[in-house]
Amino acid sequence: MGDFQALPIAAEARHLQQSLAGRVTDALISANRRVLLASPYWSESGNKLLMPALARTINLRLPVTLAGARAQDTSHYAAMMSLGRQLAAAGADVNVYSYVPPKRNSLFHAKVVA
């Protein structure tokens, strides 16, 4: 086998090299009108990672919407609600919405940061 050489990446494709956490952080620190975080999966450890990236959002008093966890998924729902309480305690304008499936086994299978 010969040596492998990395192909140069066009500037517009560099974002593909970032992890999901990196892309979420970039989106949060650049927010200027509002923040939407929607995911079916939440955790306290994830909340700790999100809080520093949300500092600008809090300072600018941007509206924040958290969504996606189902109340039946108790650990994910509790973590989503906990982040909402932390943000509200820091002065953010927060709305938190649980996912209510339209049918019994429907999934919220997305991760949205806007």
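Please read these numbers as outputs of a predicted model, since none were measured by experiment.

1. Description of the overall build of the protein
- Helix and strand counts for the protein come out as 4 helices and 4 strands.
- Sequence-ordered secondary structure for the protein, helices as α and strands as β, is α-β-α-α-β-α-β-β.
- Across the protein, the fraction of contacts at a sequence separation of at least 24, relative to all contacts at a separation of at least 6, is 73%.
- About 7800 Å² of surface is accessible on the protein, with carbon and sulfur atoms providing 57% of the total.

2. Some remarks on the nonpolar core
- One finds Leu28, Leu37, Trp42, Leu66 and Leu87 to be the most contacted residues of the largest nonpolar core, which totals 20 residues.
- Looking at this core, the elements that each hand over two or more residues are helix H1 (20-29), strand E1 (35-38), helix H2 (44-53), strand E2 (63-67) and helix H4 (74-89).
- Broken down by element, the residue count for this core peaks at 4 residues, all from H4.

3. Observations regarding H4
- Here H4 is 16 residues long and its end C-alpha atoms lie 22 Å apart, about the 22 Å a rise of 1.5 Å per residue gives.
- Listed as buried for H4 are Ala79, Met80, Ser82, Leu83, Gly84 and Leu87.
- Packing partners of the buried residues in H4 comprise H2, helix H3 (55-59), E2 and strand E3 (93-97).
- Gly91 lies just past H4 and shows a positive phi near 105°.

4. Some remarks on H2
- For H2, every residue scored as buried is listed here: Asn47, Leu50 and Ala53. Angular distribution of buried residues about the axis of H2 spans 110°; they occupy a single face of the element. More than 90 degrees from the buried face of H2, the exposed residues found are Ser45, Lys48, Leu49 and Pro52.

5. Observations concerning unusual backbone geometry
- Although it is not a glycine, Arg61 sits at a positive phi angle of roughly 55°.
- Tracing the backbone shows Arg61 in the loop between H3 and E2.
- In this structure Arg61 comes out as exposed when scored by relative accessible area, which is 53%.

6. Remarks on the packing of H2 against H4
- The geometry of H2 relative to H4 is characterised by a closest axis approach of 9 Å and an angle of 30° between their N-to-C directions. In terms of orientation, H2 and H4 fall into the roughly parallel class. When the axes of H2 and H4 are compared, the crossing they make is right-handed. Contacts between H2 and H4 involve Glu44, Asn47, Leu50 and Met51 from the first element and Ala78, Ala79, Ser82, Leu83, Gln86 and Leu87 from the second.
- When grouped by side-chain class, the residues that make up the contact of H2 with H4 number 6 nonpolar, 3 polar and 1 charged.

Analysis parameters
Residues numbered from 1 in each chain as written. Predicted model: local features only at pLDDT ≥ 70, side-chain atom pairs only at ≥ 80, totals over all residues. Heavy atoms only, no water. Helix = DSSP H or I, 4+ residues; strand = E, 2+ residues; numbered from the N terminus. Contact = heavy atoms within 4.5 Å. Areas by Shrake-Rupley, 256 points an atom, 1.4 Å probe, with all protein chains shown as cover. Core = buried A, V, L, I, M, F, W, Y, C linked by side-chain atoms within 4.5 Å. Buried < 20%, exposed > 50% of the residue type's maximum accessible area, 1.4 Å probe, protein only. Expected span 1.5 Å × (residues − 1). Arc of directions from axis to C-beta. Axes fitted to C-alpha atoms, helices over the stretch in contact; angles between N-to-C directions. Parallel < 35°, antiparallel > 145°, perpendicular 65-115°, else oblique. Left-handed = near helix turned anticlockwise from the far one by under 90°. Nonpolar A, V, L, I, M, F, W, Y, C, P; charged D, E, K, R; others polar.

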